[in-house]
Amino acid sequence: MAKKIIQFHNWRANDITEELLLEVSRQGFTDIQTSPFQETRGISQWWDNYQPISFRIGNRLASKEDIKSLCERAKKYGLGVIQDIVMNHMASDWGDGKPSHCIPEEIRNREDFWHNHFRDTQDWNNRYEVTQFNMAGLPDLNTANPVIQKAFIYMISEYKSLGISGFRFDAAKHIELPDDPYCGSNFWDNIINACGHSYCYGEIIYERYNLMERYSRYMKIGTNWGDGLSQDKTVLWVESHDTYNDGQTRHLDDEQINREYLRLRRDCRDSDVLYFIRPKKDSWESSDCWKSEIVREANLL
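Residues numbered from 1 in each chain as written. Predicted model: local features only at pLDDT ≥ 70, side-chain atom pairs only at ≥ 80, totals over all residues. Heavy atoms only, no water.

Caption draft 1: View of the packing of aromatic side chains. One pass over the structure, following the stated rule, counts twelve aromatic pairs. With a centroid separation of 6.5 Å and an interplanar angle of 5°, the aromatic rings of Phe 167 and Phe 169 are classed as stacked. The exposure class assigned to Phe 167 is buried, which follows from its relative accessible area of 0%. Classification of Phe 169 as buried rests on a relative accessible area of 1%. Consider the rings of Phe 169 and Trp 188, whose centres lie 5.2 Å apart with planes at 55°: the pair is tilted. Residue Phe 169 is found in strand β4 (residues 166-170), and its partner Trp 188 is found in helix α6 (residues 187-195); the two are separated by 19 residues along the sequence. Per residue, the accessibility class of Phe 169 equals that of Trp 188, and both read buried. Grouped by ring-pair contacts, the aromatic residues Tyr 159, Phe 167, Phe 169, Phe 187 and Trp 188 constitute a single cluster. The ring of Tyr 199 carries the charged tip of Lys 3 above its face, separated from the ring centre by 5.1 Å. Sitting over the ring of Tyr 244, Arg 250 keeps its end group 4.3 Å from the ring centre. (Phe/Tyr/Trp six-rings, centres within 6.5 Å; stacked < 30°, edge-to-face > 60°. Buried < 20%, exposed > 50% of the residue type's maximum accessible area, 1.4 Å probe, protein only. Helix = DSSP H or I, 4+ residues; strand = E, 2+ residues; numbered from the N terminus. Lys NZ or Arg CZ within 6 Å of the ring centre and 35° of its normal.)

So, in structure tokens, the structure goes:
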């Protein structure tokens, strides 16, 4: 059965109450997805959640105790909890590729922890640049380093012990595959092995079939278009936190989003799907559009 995932973007774990989870379940969703809960600088901007400063779990959105409690609440209603996790990069103070001063010295000052290229990817068809250079000025972790891999393997084991049932890998296409020329590593072999039977999907957007197919040997592919991939290998969406926050889908009103979601479910019934809870217009509060009967109809197809 296809998963129907609802994304609680930038929500505190304790604000996802039993009452909300009951309604999520009644709407036909199978899983919830959280924002990253890795340690950050604590800036009250959504993008700060995607710029960690260490390998520790816990930030302004949730402590370990909060995560465990959320997983226990979700389990009561048959819901899995998918944890967004950032492994490609860490924070920069000025977007210049240099590790933030907030990153502990034992990480920041280890040259072998970083790809020593203080420049951003320019050629998006060049796999060496995409996987070894910085993304948008964020310092790129040396994911081939066994110490870095062990840190994330331990983080995954911690999440699993708290009750997390799945993972979404942010910026997955920026982390090398074993067969990438001149830069391949065993990162994904070791990470997916650590995940065990956990549900896994990676963010692989705006890419051609060949590359998505290569990543699909390790995980499901989170993308806004399948481009020939078998539906059972994809996680599709009408809107994501990225397309909303960068303005790509803000022109769509709530009803348009919901009807597109229904169309997506009808056309791609074997694909897993993601529903993003958008904020209300001109407000920090979250919209209730996910509670629509149209959404329930789509999920129950």
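On we go.
Caption draft 2: Structural context of the side chain of Ser 92. Secondary-structure assignment places Ser 92 in the loop between β3 (80-86) and α3 (105-108). Here the side chain of Ser 92 touches Trp 94 through a polar contact of 3.5 Å, landing on its backbone nitrogen. Residues within four places of Ser 92 in sequence aside, it is in contact with Arg 41, Gln 51, Gly 97, Lys 98, Ser 100, Gly 137, Leu 138 and Pro 139. (Polar contact = N/O pair within 3.5 Å; in protein donor to acceptor, adjacent residues only side chain to side chain. Contact = heavy atoms within 4.5 Å.)

Caption draft 3: Highlighting the pairing of strand β5 (residues 199-203). Within β5, five of the five residues are buried, leaving the element largely enclosed by the surrounding structure. Bridge analysis of β4 against β5 gives four bridges, and the strand direction is parallel. Of the residues in β5, the one forming a bridge with Gly 166 is Tyr 199. Once the chain exits β4 it traverses α6 before rejoining the sheet at β5, and the crossover so formed is right-handed. The sheet contact formed by β5 and strand β6 (residues 220-222) spans three bridges and is parallel. Looking at β6, one finds that Glu 203 is bridged to Gly 222. The β-α-β motif built from β5, the intervening helix α7 (residues 209-215) and the parallel element β6 has right-handed crossover chirality. (Pairing = 2+ DSSP bridges. Right-handed = clockwise from strand over helix to strand, strands pointing away.)

Caption draft 4: Quick peek at helix α9 (residues 254-267). The terminal C-alpha atoms of α9 lie 20 Å apart, and with 14 residues this matches the ideal 20 Å at 1.5 Å per residue to within 8%. Within the sequence span of α9, burial applies to Ile 257, Asn 258, Tyr 261, Leu 262, Leu 264 and Arg 265. In a view along the axis of α9, the buried residues occupy a sector of 160°, so they form one face of it. Turning to α9, the residues buried within the fold contact β1 (4-8), β7 (234-237), β8 (272-276) and α10 (293-299). N-cap assignment for α9: the residue whose side-chain oxygen lies 3.2 Å from the backbone N of Glu 255 is Asp 253. (Expected span 1.5 Å × (residues − 1). Arc of directions from axis to C-beta.)

Caption draft 5: Layout of unusual backbone geometry. The backbone of Asn 10 shows a phi angle near 65°, a positive value even though the residue is not glycine. Along the chain, Asn 10 turns up in the loop between β1 and α1 (18-26). A residue is classified by how much of its surface remains accessible, and Asn 10, at 26% relative accessible area, is partly exposed. A positive phi angle is found at Ala 136, which is not glycine, with a value near 55°.

Caption draft 6: Broad picture of the packing of helix α2 (residues 64-76) against helix α5 (residues 146-162). The geometry of α2 relative to α5 is characterised by a closest axis approach of 8 Å and an angle of 50° between their N-to-C directions. With respect to α5, the axis of α2 lies oblique. Together, Lys 64, Ile 67, Lys 68 and Cys 71 of α2 and Glu 158, Tyr 159 and Leu 162 of α5 make up the contact between the two elements. For the contact of α2 with α5, the class distribution of residues is four nonpolar, no polar and three charged. (Axes fitted to C-alpha atoms, helices over the stretch in contact; angles between N-to-C directions. Parallel < 35°, antiparallel > 145°, perpendicular 65-115°, else oblique. Nonpolar A, V, L, I, M, F, W, Y, C, P; charged D, E, K, R; others polar.)

Caption draft 7: Expanded view of the pattern of salt bridges. Per the counting criterion, the structure on display carries 26 salt bridges. Lys 64 is paired through a salt bridge with Glu 158; the nearest N and O atoms lie 2.5 Å apart. Residue Lys 64 is located in helix α2, and its partner Glu 158 is located in helix α5; the two are separated by 94 residues in the primary sequence. On the basis of relative accessibility, which here comes to 32%, the residue Lys 64 falls in the partly exposed class. Residues Asp 267 and Arg 263 are paired through a salt bridge, measuring 3.1 Å at the closest nitrogen-oxygen approach. With Asp 267 and Arg 263 both in helix α9 and four residues apart, this pair spans about one turn of that helix. Note on Arg 263: relative accessible area 39%, which makes it partly exposed. Counted as one network, the salt bridges with shared partners bring together Asp 84, Arg 168, Asp 170 and Glu 203. (Salt bridge = Lys/Arg side-chain N within 4 Å of Asp/Glu carboxyl O.)

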